[in-house]
Amino acid sequence: MHHLPASRGDLTDQQWGRLNPLLPPIPSMGRPPRDRRQVFNAIWWPARPGSPWRDIPERYGPWATAYAVFRRWQRDGAWARILAALNAAADADGILDWEVSIDSTVCRAHQHAAGARKRGLPARPRYDKLACRYEATIQATLIRQYL
């Protein structure tokens with residue numbers, strides 16, 4: 001089926017043809033899933049402008065669906081497998097250039113910002129939203145680069 005991109009930046013038919021076989025299998029239990037291409041475009045959308053998940057346009061469906069699929073694939077290692085497969089294909093096609101560029105950034109913090117526990121407060125698990133957003137942006141950019 002020929003599917004025209006709904007907006008600039010959505011996957012083309014050629015890109016979807018390369019990506020679709022790499023996606024995890026559709027869960028056999030539960031509610032039938034939304035169109036996978038629509039969900040992937042929804043996952044990809046926040047990585048482009050760096051917007052919050054809740055700002056995903058309505059044409060992609062509920063933002064919570066996109067976020068839930070993104071996190072499920074992140075937890076089960078699907079993004080790493082997709083990226084590894086695309087890297088292998090790009091390397092086999094001679095698209096990759098293995099030149100490495102290293103940049104160094106220095107971050108300094110006050111000694112009181114060292115992360116010591118406060119007395120009387122229970123330790124809580126650390127969940128870094130910025131790191132999660134950064135990882136999502138990096139993964140989406142790398143995947144999109146090799147499609």
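Everything here concerns the structure above.
Keep in mind it's a predicted model, so treat the numbers as computed, not measured.

Caption draft 1: Expanded view of the overall build of the chain. Across its full length, the chain holds five helices and zero strands. For the chain, the sequential pattern of α-helices and β-strands runs α-α-α-α-α. Taking all 147 residues of the chain together, 31% fall into the buried category. Here the analysis covers contacts within the chain between residues at least 6 apart in sequence; of these, 64% occur between residues at least 24 apart. Counting every atom, the chain has about 11000 Å² of accessible surface; 55% of that belongs to carbon and sulfur.

Caption draft 2: Expanded view of the packing of aromatic side chains. Within the structure shown, the criterion is met by five aromatic pairs. With a centroid separation of 5.9 Å and an interplanar angle of 45°, the aromatic rings of Phe40 and Trp79 are classed as tilted. With a gap of 39 residues between them, Phe40 in helix α2 (residues 36-44) and Trp79 in helix α4 (residues 78-92) connect regions that are remote in the sequence. Assessed through its relative accessible area of 5%, Phe40 is described here as buried. Overall, Trp79 belongs to the buried group, its relative accessible area being 4%. An angle of 65° between the planes, with centres 5.4 Å apart, marks the rings of Trp73 and Trp79 as edge-to-face. Look at Trp73 and you get buried, because its relative accessible area is 6%.

Caption draft 3: Local environment of α4. If you check α4, its first and last C-alpha atoms are 21 Å apart, about what 15 residues at 1.5 Å a residue would give, namely 21 Å. Where α4 is concerned, the buried positions are Ala78, Trp79, Ile82, Leu83, Leu86 and Ala90. Buried residues of α4, viewed axially, fall in a sector of 130°; they line one side. Relative to its buried face, α4 has exposed residues pointing more than 90 degrees away, namely Ala80 and Ala92. Phi turns positive, to about 75°, at Gly94, one or two residues after α4.

Caption draft 4: The arrangement of the environment of Trp73 in detail. With respect to the helices and strands, the residue Trp73 is situated in helix α3 (residues 63-75). Here the alpha-carbon distance between Trp73 and Pro24, two residues 49 residues apart in the chain, equals 7.9 Å. The residues contacting Trp73, other than those within four sequence positions of it, are Leu23, Pro24, Arg36, Phe40, Ile43, Ala78 and Trp79.

Caption draft 5: A look at the packing of α2 against α3. α3 packs onto α2 with a crossing angle of 85° between their chain directions and a minimal axis gap of 9 Å. Overall, the two elements α2 and α3 adopt an arrangement that is roughly perpendicular. In contact with Arg36, Val39, Phe40, Ala42 and Ile43 of α2, α3 contributes Thr65, Ala66, Val69, Phe70 and Trp73. Classifying every residue of the contact of α2 with α3 gives eight nonpolar, one polar and one charged.

Caption draft 6: Structural detail: α2. Counting buried residues in α2 gives eight out of nine residues, a clear majority hidden from the surface. Within α2 the residues assigned to the buried category are Arg36, Arg37, Val39, Phe40, Asn41, Ala42, Ile43 and Trp44.

Caption draft 7: Expanded view of the nonpolar core. Formed by 24 residues in total, the largest nonpolar core has its most connected members in Leu19, Phe40, Ile43, Trp73, Trp79 and Ile143. Going through the elements one at a time, α1 (13-19), α2, α3 and α4 are the ones with two or more residues in this core. If we skip the residues at most four places from it in the chain, Phe40 touches Leu11, Trp16, Leu19, Trp73, Trp79 and Ile143.

So, how was this worked out
- Residues numbered from 1 in each chain as written.
- Predicted model: local features only at pLDDT ≥ 70, side-chain atom pairs only at ≥ 80, totals over all residues.
- Heavy atoms only, no water.
- Helix = DSSP H or I, 4+ residues; strand = E, 2+ residues; numbered from the N terminus.
- Buried < 20%, exposed > 50% of the residue type's maximum accessible area, 1.4 Å probe, protein only.
- Contact = heavy atoms within 4.5 Å.
- Areas by Shrake-Rupley, 256 points an atom, 1.4 Å probe, with all protein chains shown as cover.
- Phe/Tyr/Trp six-rings, centres within 6.5 Å; stacked < 30°, edge-to-face > 60°.
- Expected span 1.5 Å × (residues − 1).
- Arc of directions from axis to C-beta.
- Axes fitted to C-alpha atoms, helices over the stretch in contact; angles between N-to-C directions.
- Parallel < 35°, antiparallel > 145°, perpendicular 65-115°, else oblique.
- Nonpolar A, V, L, I, M, F, W, Y, C, P; charged D, E, K, R; others polar.
- Core = buried A, V, L, I, M, F, W, Y, C linked by side-chain atoms within 4.5 Å.

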